[in-house]
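Listed below are the residues making up each chain.
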Amino acid sequence: MNQIDLKAEIAELRRLGHDFEDLRDQVRSPALPPGTATRERLTAHIVAANELAHRTLKRLAALDNSPYAAVPGSRPALELLAAAVCAATTAASDLACALVTNPLQTAPFPGPPADEATLQAARCKEATPRMAKHLADAAEQLELGHTSCLYTAAGITRGLKRHAEQHQDQPAPPVKITDSQYAVLVRLSAGVGTLHEAGRSGVIKAVDKDRATVNIATLNSLIKHRIVAVDTTTSLYAGQRLLVTADGTRTLAAYKPPATAPTQTTAMTPPSTQRATGRTR
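Reference entry: report on the structure contained in this document.

What counts as what
- Residues numbered from 1 in each chain as written.
- Predicted model: local features only at pLDDT ≥ 70, side-chain atom pairs only at ≥ 80, totals over all residues.
- Heavy atoms only, no water.
- Helix = DSSP H or I, 4+ residues; strand = E, 2+ residues; numbered from the N terminus.
- Buried < 20%, exposed > 50% of the residue type's maximum accessible area, 1.4 Å probe, protein only.
- Polar contact = N/O pair within 3.5 Å; in protein donor to acceptor, adjacent residues only side chain to side chain.
- Contact = heavy atoms within 4.5 Å.
- Salt bridge = Lys/Arg side-chain N within 4 Å of Asp/Glu carboxyl O.
- Pairing = 2+ DSSP bridges.
- Axes fitted to C-alpha atoms, helices over the stretch in contact; angles between N-to-C directions.
- Parallel < 35°, antiparallel > 145°, perpendicular 65-115°, else oblique.
- Left-handed = near helix turned anticlockwise from the far one by under 90°.
- Nonpolar A, V, L, I, M, F, W, Y, C, P; charged D, E, K, R; others polar.

## Things to note about the side chain of Asp-208
Logical step 1: Examined against the element boundaries, Asp-208 turns out to sit in the loop between strand S2 (203–207) and strand S3 (213–214).
Logical step 2: For Asp-208, a relative accessible area of 6% puts it in the buried group.
Logical step 3: One polar contact links Asp-208 to Arg-187, side chain to side chain, over a distance of 2.9 Å.
Logical step 4: A polar atom in the side chain of Asp-208 sits 2.8 Å from the backbone nitrogen of Ala-212.
Logical step 5: Setting aside anything within four residues of it in sequence, one finds Asp-208 in contact with Arg-187, Leu-188, Val-192, Gly-193 and Val-214.

Written as structure tokens, this is what we have:
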């Protein structure tokens, strides 16, 4: 899965929801009379609705490929976001239907002269309620997209919080260590060891409580796994304490030495005894 900033995704979903809301308000605003001006406004609305669909699809893809997809309850949230995609595309379709219904002030087919103004007025009168219905349907879909985005953002926030609360008290599983790491860990758990810089050479050395040398490579692996911690409140020149962490204590308790092959014993066959035989005369 990709490393995705879920906080940024939540913020983007909220921003996307507000953009759905803004377009809904524009669609609901008092309609212009049918004609070229309305066509231009409908064109802008259709482009904006398709952009909302594209942005929502990107958020859906990002979240579906993020760690959130493994959180219980993520499926309903992502399905709700998919519904927002459907709402945006349906709104664009409703706006396109309004565009088709809008009578344009253009030249008719060639033919006998007619009262074009009267015909245009009749077309506009017939188209106005139909356009209003398409615009109302589009606004309803945009409201659905607005709600879906905000609900998804809230659902992700709750899901992540609940998931964190359920796992915050669960300790990490013990780290598997080698025999040499175990031996060093036993020595350090018996008392505080020390990490220090040896003289002017700059060589870093480590010792246990009995001043016996600790292998640096082994120690570094234990520090890397957070089994041993270094007290950095003092300098290396003065010496830094080596402390076994809580994870180290659990690792010690869970350590199991590798199974050894059973020793094979060779059955010893007692030497045969020869009985003395004699001739009987």
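## Examining the pattern of salt bridges
Logical step 1: One pass over the full model with this rule turns up 13 salt bridges.
Logical step 2: We note a salt bridge from Arg-59 to Glu-9, for which the minimum N-O separation is 2.6 Å. Of this pair, Arg-59 sits in helix H2 (residues 36–64) while Glu-9 sits in helix H1 (residues 6–28), and the two are 50 residues apart along the sequence.
Logical step 3: We note a salt bridge from Asp-247 to Arg-250, for which the minimum N-O separation is 2.1 Å.

## Re unusual backbone geometry
Logical step 1: Positive phi is not limited to glycine here, since Arg-211 has a value of about 70°.
Logical step 2: Relative to the assigned elements, Arg-211 resides in the loop between S2 and S3.

## Digging into the environment of Arg-241
Logical step 1: Locating Arg-241 in the fold gives a position in strand S5 (residues 240–244).
Logical step 2: Measuring from C-alpha to C-alpha, the distance between Arg-241 and Val-207 comes to 9.8 Å, with 34 residues separating the pair along the chain.
Logical step 3: Each residue touching Arg-241, except ones within four places of it in the same chain, is listed here: Val-192, Gly-193, Ala-229, Val-230 and Asp-231.

## Some words on the sheet that holds strand S4 (residues 228–230)
Logical step 1: Pairing is antiparallel in the open sheet, where five strands are placed in the order S3-S2-S1-S5-S4. Unpaired on one side and paired on the other, S3 and S4 mark the two borders of the sheet.
Logical step 2: Across two bridges, S2 lies against S3 in antiparallel orientation. Bridging across to S3, Val-207 finds its partner in Thr-213.

## Looking at the packing of helix H5 (residues 179–189) against helix H7 (residues 246–254)
Logical step 1: Where H5 contacts H7, the two axes come as close as 11 Å, and the packing angle between them is 120°. Considering the angle they form, H5 stands oblique to H7. Crossing angle aside, the handedness with which H5 passes H7 is left-handed. Taken together, the residues of H7 that come into contact with H5 (itself represented by Tyr-182, Leu-185, Val-186 and Ser-189) are Gly-248, Thr-251 and Leu-252.
Logical step 2: Residue composition of the contact of H5 with H7, grouped by class: four nonpolar, three polar and no charged.

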